[in-house]
Amino acid sequence: MNTAGHSEATARRGLELNPFRGLRYDPDRVGSLASVTSPPYDVVVRPDGVHHLQSADPHNIVRLILPEAGTPSARTEQAADTLRRWLDEGILTADPDPGLYMYEQCDGDGMLQRGLIGALRVSEPAEGVVLPHEDVMPPVVADRAALMRATRANLEPLLLTYRGDGAAAEIVERTAERPPLLATTTEDGYRHRLWSITDPAELALVQSDLAHRQALIADGHHRWATYRRLRAEHPSPSPWDHGLVLLVDTARYPLRVRAIHRLLHRLPVADALAAVDGLFRVRHLDVPLAEAQEALADASCAGNAFLLAGDGVFHLLDRPDPGLLARTIPADRPAAWRSLDATVLHAALLDHVWHIPEDSPAHIAYIHDSAATVEKAERDGGTAVLLHPVREEVVRDLARQGVTMPRKSTSFGPKPASGLVLRALEL
């Protein structure tokens, strides 16, 4: 069973995962390895977000991936200066030999995920090698591109999945039997371990196996689009021909799929509800978050459904007016796309009913944690819109057809921690 568009056997080129000299924190120069890590740049969900991570250690990776200077140009310059300083001071050091990195995550509930971190050849969707399943927001791509240009580094890996169960998977399992380069447990309870694979024979086996594979972007569409933009800006061959990824074989380690929620900063809940009167059935739920999400899951079995929050209770929207859907949902897409909750949310509610620009940070935020979304809505007077997760098979089927879902439709995980290994383009 494939996770991407075309048959693996018919791909002109497969995955080309190359070794690199990773940049890693010197454990003797930081408080702890856990204290310098961060979630990916777009998954900082605590109300105090960046400041909490910065206070964990003065060298936390968030100072590179989310610099806080005033203007966009000042932020990228700040990140570049910080990276240069950390390299000069030996906070970050390069491994002596190029290698692929085997990365393991596990939690206390029995979840185990392993994958390979390497420098992947950047390809276009038409090549059928790495396929996206979500649209991207151009301002975010521009922001990430400016950061990578300034630092000349890939600061965190994006997450790709493939299905292989071949030689690469066997080498991953054998590597796990060796002593790791590092091991740490982050405050969320996840244990992280990292190994380096430098043996030429093992590297050759991995590359030979992956040369016949295709991958689906699980998390990191904006960073992949950034890789593509930067590769186009630089004549090949160049270091920009490759980008840092974590590649997980889901035949061995299936990922979890969660929803990404919306926070509408300038729309009070009362106004949101007034606007949908007569267009959705609305039920008010004065229950805890977990019970409200159970009600959302039940309603989602019968059709499109959303939870609104921000005024102290939950409001379950379901049974959308068929006329509204007919007027607002593009008819030139597959039925599976037209029926997505994210499609209905963006085309019908955000665009037509609430008139919220989906790419304006002043109006909307995309948040992975449901409790954090509700908390911020209640604190700021906005509206939280909670979604039910899309099934993985729906994502896979749409990707096979070359159809991208609305932006921020899914959250695959667990996501790799940022700060364990970086790629400097000059090395």
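From a predicted model like this one, the values you see are computed outputs, not experimental measurements.

A word on the pairing of strand β17 (residues 314-318)
Then step 1. Burial within β17 is extensive, with five of its five residues counted as buried.
Then step 2. Pairing analysis gives five bridges linking strand β15 (residues 281-285) to β17, with the strands arranged antiparallel. Residue leucine 285 lies in a different strand from β17, and its bridge partner there is phenylalanine 314.
Then step 3. Two elements, strand β16 (residues 305-309) and β17, share five bridges in a ladder whose sense is antiparallel. The residue bridging leucine 307 from the neighbouring strand is leucine 316, located in β17.
Then step 4. Where β16 folds back on β17, the antiparallel hairpin that results is connected by four residues, among which glycine 310 adopts a positive phi of roughly 140°.

Focus: the packing of helix α5 (residues 167-175) against helix α6 (residues 200-210)
Each pair of packed helices can be summarised by the angle the axes make with each other and by the distance between the axes.
Then step 1. Following both chains from N to C, one finds α5 and α6 inclined at 140°, their axes separated by 7 Å at the closest point. Residues Ala167, Ala168, Ala169, Ile171 and Arg174 of α5 pack against Glu202, Leu205, Val206, Asp209 and Leu210 of α6.
Then step 2. Of the residues belonging to the contact of α5 with α6, the class tally is seven nonpolar, no polar and three charged.

Focus on the pattern of salt bridges
Then step 1. Applying the stated criterion across every chain, the model contains 25 salt bridges.
Then step 2. Among the ionic pairs, arginine 144 bridges to aspartate 143, the shortest N-O distance being 3.1 Å.
Then step 3. The exposure class of aspartate 143 is partly exposed, given its relative accessible area of 30%.
Then step 4. Of the charged contacts in the structure, one is a salt bridge between arginine 283 and aspartate 318, with a shortest N-O distance of 2.9 Å. In this pair, arginine 283 sits in strand β15 while aspartate 318 sits in strand β17, placing the two residues 35 residues apart along the sequence.
Then step 5. Exposure remark for arginine 283: the relative accessible area of 33% places this residue in the partly exposed category.
Then step 6. According to the relative accessible area criterion, aspartate 318 is buried, its value standing at 5%.
Then step 7. Within the structure, one salt-bridge network assembled from shared partners comprises Glu104, Arg114, Asp165, Glu170, Glu173, Arg191, Arg193 and Arg252.

So, how was this worked out
Residues numbered from 1 in each chain as written. Predicted model: local features only at pLDDT ≥ 70, side-chain atom pairs only at ≥ 80, totals over all residues. Heavy atoms only, no water. Buried < 20%, exposed > 50% of the residue type's maximum accessible area, 1.4 Å probe, protein only. Helix = DSSP H or I, 4+ residues; strand = E, 2+ residues; numbered from the N terminus. Pairing = 2+ DSSP bridges. Axes fitted to C-alpha atoms, helices over the stretch in contact; angles between N-to-C directions. Contact = heavy atoms within 4.5 Å. Nonpolar A, V, L, I, M, F, W, Y, C, P; charged D, E, K, R; others polar. Salt bridge = Lys/Arg side-chain N within 4 Å of Asp/Glu carboxyl O.

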